[in-house]
Amino acid sequence: QPRLVESGGGLVQAGGFLRLSCVASGSIVSIYFMGWYRQAPGKRRELVAGISTVGNTDYADSVKGRFTVSRDNAKNTVYLQMNNLKAEDTAVYYCAADLQRARGGLTQRYWGQGTQVTVSS
């Protein structure tokens, strides 16, 4: 069973930075989309940033120019560099990956357990 494990969350002051990492492991043949979502209390989960296998990226308007998503395909890892953090970035951040467990099998989305990011103003 594939697993996604996030790390790098924490408490930071406004204007600071954090780097999140997410490693996919287990029975994996191929990984396609990898990305980061976040969910703040009382709000819906939203896409923060995503990256394709070949490096095409997509960002929420609220983080453009401040966050950078990247991936290392050899390590099955996706990163999120978050700069100039704001109080409104406070949320639980979830890693997501669309992956195949067997050749010719279905592509399914898997989620990490989430990591808390808290930005104090």
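Draft legend 1. View of the state of the cysteines. Enumeration according to the criterion identifies 1 disulfide in this entry. There is a disulfide in this structure between C22 and C95, and the S-S distance comes to 2.1 Å. In this structure the cystine formed by C22 and C95 twists about its S-S bond by roughly -80°; its chirality is therefore left-handed. Within this pair, whereas C22 is found in strand β3 (residues 18-25), its partner C95 is found in strand β9 (residues 91-100), the two being separated by 73 residues in sequence. When sorted by exposure, C22 lands in the same class as C95, which is buried.

Draft legend 2. Up close: the side chain of D98. For D98, the location among the structural elements is in strand β9. The exposure class assigned to D98 is buried, which follows from its relative accessible area of 17%. If sequence neighbours within four positions are ignored, D98 has contacts with S30, I31, Y32, F33, T107, Q108 and R109.

Draft legend 3. Summary view of the sheet that holds strand β8 (residues 77-82). The strand order β1-β3-β8-β7 describes an open sheet built from 4 strands, whose pairing is antiparallel. Of all strands in the sheet, those with a lone pairing partner are β1 (3-7) and β7 (67-72), marking the two edges. In this sheet, adjacent strand axes meet at a mean angle of 15° when their direction is disregarded. Bridge count between β3 and β8: 6 bridges; the pairing is antiparallel. Note on β8: the bridge partner recorded for C22 is V78.

Draft legend 4. The packing of aromatic side chains, seen in detail. The tally for this structure, following the rule as stated, stands at 1 aromatic pair. Aromatic side chains Y37 and W111 sit 5.0 Å apart centroid to centroid with 65° between the ring planes, which places their arrangement in the edge-to-face category. With Y37 in strand β4 (residues 30-39) and W111 in strand β10 (residues 107-111), the pair connects residues that are 74 residues apart, well separated along the chain. Sitting over the ring of Y79, R19 keeps its end group 4.1 Å from the ring centre. Sitting over the face of the ring of W111, R45 holds its NZ or CZ atom 4.7 Å from the ring centroid.

Conventions and cut-offs
Residues numbered from 1 in each chain as written. Predicted model: local features only at pLDDT ≥ 70, side-chain atom pairs only at ≥ 80, totals over all residues. Heavy atoms only, no water. Disulfide = S-S within 2.5 Å. Helix = DSSP H or I, 4+ residues; strand = E, 2+ residues; numbered from the N terminus. Buried < 20%, exposed > 50% of the residue type's maximum accessible area, 1.4 Å probe, protein only. Contact = heavy atoms within 4.5 Å. Pairing = 2+ DSSP bridges. Axes fitted to C-alpha atoms, helices over the stretch in contact; angles between N-to-C directions. Phe/Tyr/Trp six-rings, centres within 6.5 Å; stacked < 30°, edge-to-face > 60°. Lys NZ or Arg CZ within 6 Å of the ring centre and 35° of its normal.

On their own, these measurements won't tell you what the molecule is for.
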